[in-house]
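An overview of the molecular structure
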Amino acid sequence: MYAKSNPSDARANNRRLLFRLLFPDRQLSRADLCKETGLSRATATDVTGEMIDDGLLRELGSGKRDGRGKPGTLLAIDTDVLRLVCIDLSRPYVMTGAVMDLRARIVERRERVLDDGDRVDLDDVLSLVGQMIRLAGSGLVGIGVAVPGVVSGAGRVISSSNLGWDDVELRDMLEGEFSLPVRVDNDANAALLADRFLGHGNPNCLLVQITRGIGASVLLNDEFVDGDDHAAGEIGHVVIDPNGPACTCGKRGCLETYVSAIALRDRIRRDPNRRADILAEAGARLGGALAMPASLLNLHDIAVYGPPDIVGETLLNACDETVNSLSRNDYQSGMRVRRCELGDDATLRGQAVSVLREIVGRRGLSAAASS
């Protein structure tokens with residue numbers, strides 16, 4: 001059975017399409033948008049006018065003359081009207097909240113130190129969201145939360161060992177409390193969105209996040225690979241050496257015991273003269289672990305996100321050399337291993353992108369924000 005087409009779906013898709021072409025900082029005329037999308041001039045004019053009314057886009061001055069005709073008015077993302085609130089729960093010992101504009105830039109930022117290390121109380125999350133909402137003022141149109149762990153498409157935190165959470169309906173809880181659209185995502189997915197749309201990422205990309213643990217995220221044709229249990233990318237506790245060191249999960253030789261920032265800093269602290277060797281060994285082990293999935297999915301772009309004292313040239317070069325040596329063949333071009341260069345705020349900014357992907361198709365955003 002085929003679903004009947006819905007004109008409102010087409011309009012929402014057109015809004016998303018036009019927003020994506022302009023995001024984050026392109027300036028295009030309506031004629032340019034028509035050329036790049038294939039939309040008719042009437043459709044582009046109608047949809048962009050609606051998006052201007054909603055506070056998503058704004059008109060700038062005239063662009064360069066193209067031929068004999070009158071130069072078109074340039075359009076860009078409007079950063080003055082609407083706001084997002086995003087929360088990053090992925091970092092140890094601190095919760096970070098931010099008010100963001102529609103280019104995923106931070107307008108206001110606050111941090112709360114966690115008294116119990118990594119453990120996060122839900123009331124503290126609600127309190128931080130409330131604080132950021134008050135800072136945002138009028139024009140708030142969405143909330144995003146990045147969580148380390150397994151998150152369902154409906155915003156349920158299935159499991160987060162770092163936070164001490166299991167089966168937490170976080171999206172429903174926040175929407176019920178604040179009456180705003182909410183996106184809850186895995187933190188590695190958020191970092192990959194930032195790398196894709198604000199950095200140097202590609203529609204087909206694998207991102208590895210090295211922090212207190214290690215996780216991954218995969219985009220194929222700009223769509224996330226989630227897996228049957230929403231646990232795609234949970235690679236930290238895959239065993240790479242059955243005779244390796246004991247892991248907190250109860251197994252031995254998990255990838256996390258060799259490549260996490262905590263494990264590597266501990267090894268370097270105990271033997272600082274071998275820092276380069278330790279990082280090179282970690283890069284080689286990571287490359288060995290990634291060779292199979294990257295080849296299976298025919299990926300050429302691997303980004304590594306993590307602290308600069310760990311994710312530097314030594315680790316990256318060793319990873320690049322290993323993953324290419326193990327997967328090289330006559331019919332696939334080589335893989336590129338690179339550093340994600342968006343800094344500590346990549347997860348926050350990527351979460352803002354996730355919220356934008358959720359809400360830009362909705363009409364009446366500006367009116368809803370002021371109500």
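As recorded in an unreviewed UniProt entry, the protein chain goes by NagC/XylR-type transciptional regulator and comes from Bifidobacterium saguini DSM 23967. Heading Sequence similarities (unreviewed entry) of the UniProt record for the protein chain holds this comment: "Belongs to the ROK (NagC/XylR) family."

Quick look at the packing of helix 4 (residues 122-136) against helix 5 (residues 170-178) now. In contact at an axis separation of 11 Å, helix 4 and helix 5 are set at 45° when each is read in the N-to-C sense. Classified by the angle their axes make, helix 4 and helix 5 are oblique. Like other packed secondary-structure pairs, helix 4 and helix 5 cross with a definite hand, here right-handed. For the pair helix 4 and helix 5, the contacting residues are Leu 122, Leu 126, Val 129, Gly 130 and Ile 133 in the first and Leu 170, Met 173, Leu 174, Glu 177 and Phe 178 in the second. Of the residues that constitute the contact of helix 4 with helix 5, the class distribution is 8 nonpolar, 1 polar and 1 charged.

Mapping Arg 15 onto the fold places it in helix 1 (residues 7-22). The exposure class of Arg 15 is buried, given its relative accessible area of 0%. Within the structure, the side chain of Arg 15 is placed 2.7 Å from the side chain of Glu 50, a separation counted as a polar contact. Of the polar contacts made by the side chain of Arg 15, one reaches the backbone oxygen of Val 360; its length is 2.8 Å. For Arg 15, the contacting residues outside a window of four places in its chain are Val 47, Glu 50, Met 51, Asp 54, Leu 56, Val 360, Gly 361, Arg 362, Arg 363 and Leu 365.

With that settled, consider the pattern of salt bridges. Applying the stated criterion across every chain yields a total of 30 salt bridges. Note that Arg 103 and Asp 25 form a salt bridge whose closest N and O atoms lie 4.0 Å from each other. In this pair, Arg 103 sits in the loop between strand 5 (94-100) and strand 6 (106-113) while Asp 25 sits in the loop between helix 1 and strand 1 (28-29), placing the two residues 78 residues apart along the sequence. For Arg 196, the salt bridge goes to Asp 222, with nearest N and O atoms at 2.7 Å. Of this pair, Arg 196 sits in helix 6 (residues 187-198) while Asp 222 sits in the loop between strand 13 (214-220) and strand 14 (223-224), and the two are 26 residues apart along the sequence. What makes Arg 196 buried here is its relative accessible area of 16%.

This paragraph deals with helix 11 (residues 346-359). Compared with an ideal rise of 1.5 Å per residue, which puts 14 residues at 20 Å, helix 11 spans 20 Å between its outermost C-alpha atoms and is within 8% of the ideal. Taking burial as the measure, the 14 residues of helix 11 include 11 buried ones, the bulk of the element. Of the residues making up helix 11, those classed as buried are Ala 346, Thr 347, Leu 348, Gly 350, Gln 351, Ala 352, Val 353, Ser 354, Val 355, Leu 356 and Ile 359.

Cut-off values and rules
Residues numbered from 1 in each chain as written. Predicted model: local features only at pLDDT ≥ 70, side-chain atom pairs only at ≥ 80, totals over all residues. Heavy atoms only, no water. UniProt positions renumbered as here; feature names shortened; annotations may be inferred. Axes fitted to C-alpha atoms, helices over the stretch in contact; angles between N-to-C directions. Helix = DSSP H or I, 4+ residues; strand = E, 2+ residues; numbered from the N terminus. Parallel < 35°, antiparallel > 145°, perpendicular 65-115°, else oblique. Left-handed = near helix turned anticlockwise from the far one by under 90°. Contact = heavy atoms within 4.5 Å. Nonpolar A, V, L, I, M, F, W, Y, C, P; charged D, E, K, R; others polar. Buried < 20%, exposed > 50% of the residue type's maximum accessible area, 1.4 Å probe, protein only. Polar contact = N/O pair within 3.5 Å; in protein donor to acceptor, adjacent residues only side chain to side chain. Salt bridge = Lys/Arg side-chain N within 4 Å of Asp/Glu carboxyl O. Expected span 1.5 Å × (residues − 1).

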